[in-house]
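Close look at the chain arrangement
Next come the chains, spelled out residue by residue.
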Amino acid sequence: QPGQRLGRTCIRPEVSRAYTIGDKGGASMGYFYNEHLKPIKLNKVPVRWADMDLTYLQPTAYDKQFRERLNDATVIHSTSE
């Protein structure tokens, strides 16, 4: 929703938002949680974000690095193609 974003961009979070769903109930009966989310360990050390150089996350720098990674990536084809 552009109206909610107010020009802000969200970079993929380091901690999955689904982390807290737990292993009770759901269609997978806990399989998805146990297989993929349970091994995630939350950081217990405080991060002083104000002391970190985060300029690489500015749109110009981030987009440039992202494009470079895409251009350098190896194309993988499906076995059914």
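The number of helices and strands found in the protein is three helices and zero strands. Secondary structure elements of the protein, listed N to C terminal, follow the sequence α-α-α. Each of the 81 residues in the protein was classed as buried or not, and the buried ones make up 4%. Summed over all atoms, the accessible surface of the protein reaches about 8,200 Å², with 55% contributed by carbon and sulfur.

Another aspect to go through is the pattern of salt bridges. Inspection of every chain in the model, using the stated rule, returns two salt bridges. Notably, a salt bridge pairs E68 with K64, separated by 2.6 Å at the nearest N-O pair. Of this pair, E68 and K64 both sit in helix α3 (residues 59-72), four residues apart, which is roughly one turn of that helix. Its relative accessible area of 39% is what places E68 among the partly exposed residues.

Together, V47, W49 and M52 make up a nonpolar patch on the protein surface, roughly 310 Å² of accessible area in all. On the basis of relative accessibility, which here comes to 41%, the residue M52 falls in the partly exposed class.

Moving on to the confidence of the model for the protein. With 79% of its residues at a pLDDT of 70 or more, the protein shows a mean pLDDT of 79. When the elements of the protein are averaged for pLDDT, helix α1 (residues 2-5) gives the smallest value, 75, and α3 the largest, 93.

With that settled, the discussion passes to the environment of Q58. Counting through the fold element by element, Q58 comes out in the loop between α2 (31-37) and α3. Since its relative accessible area comes to 49%, Q58 is described here as partly exposed. Measuring from C-alpha to C-alpha, the distance between Q58 and T9 comes to 10.0 Å, with 49 residues separating the pair along the chain.

Parameters at a glance
- Residues numbered from 1 in each chain as written.
- Predicted model: local features only at pLDDT ≥ 70, side-chain atom pairs only at ≥ 80, totals over all residues.
- Heavy atoms only, no water.
- Helix = DSSP H or I, 4+ residues; strand = E, 2+ residues; numbered from the N terminus.
- Buried < 20%, exposed > 50% of the residue type's maximum accessible area, 1.4 Å probe, protein only.
- Areas by Shrake-Rupley, 256 points an atom, 1.4 Å probe, with all protein chains shown as cover.
- Salt bridge = Lys/Arg side-chain N within 4 Å of Asp/Glu carboxyl O.
- Patch = residues over 30% accessible without salt bridge, like charges linked within 9 Å, V, L, I, M, F, W, Y side chains within 5 Å.
- pLDDT = per-residue confidence, 0-100.

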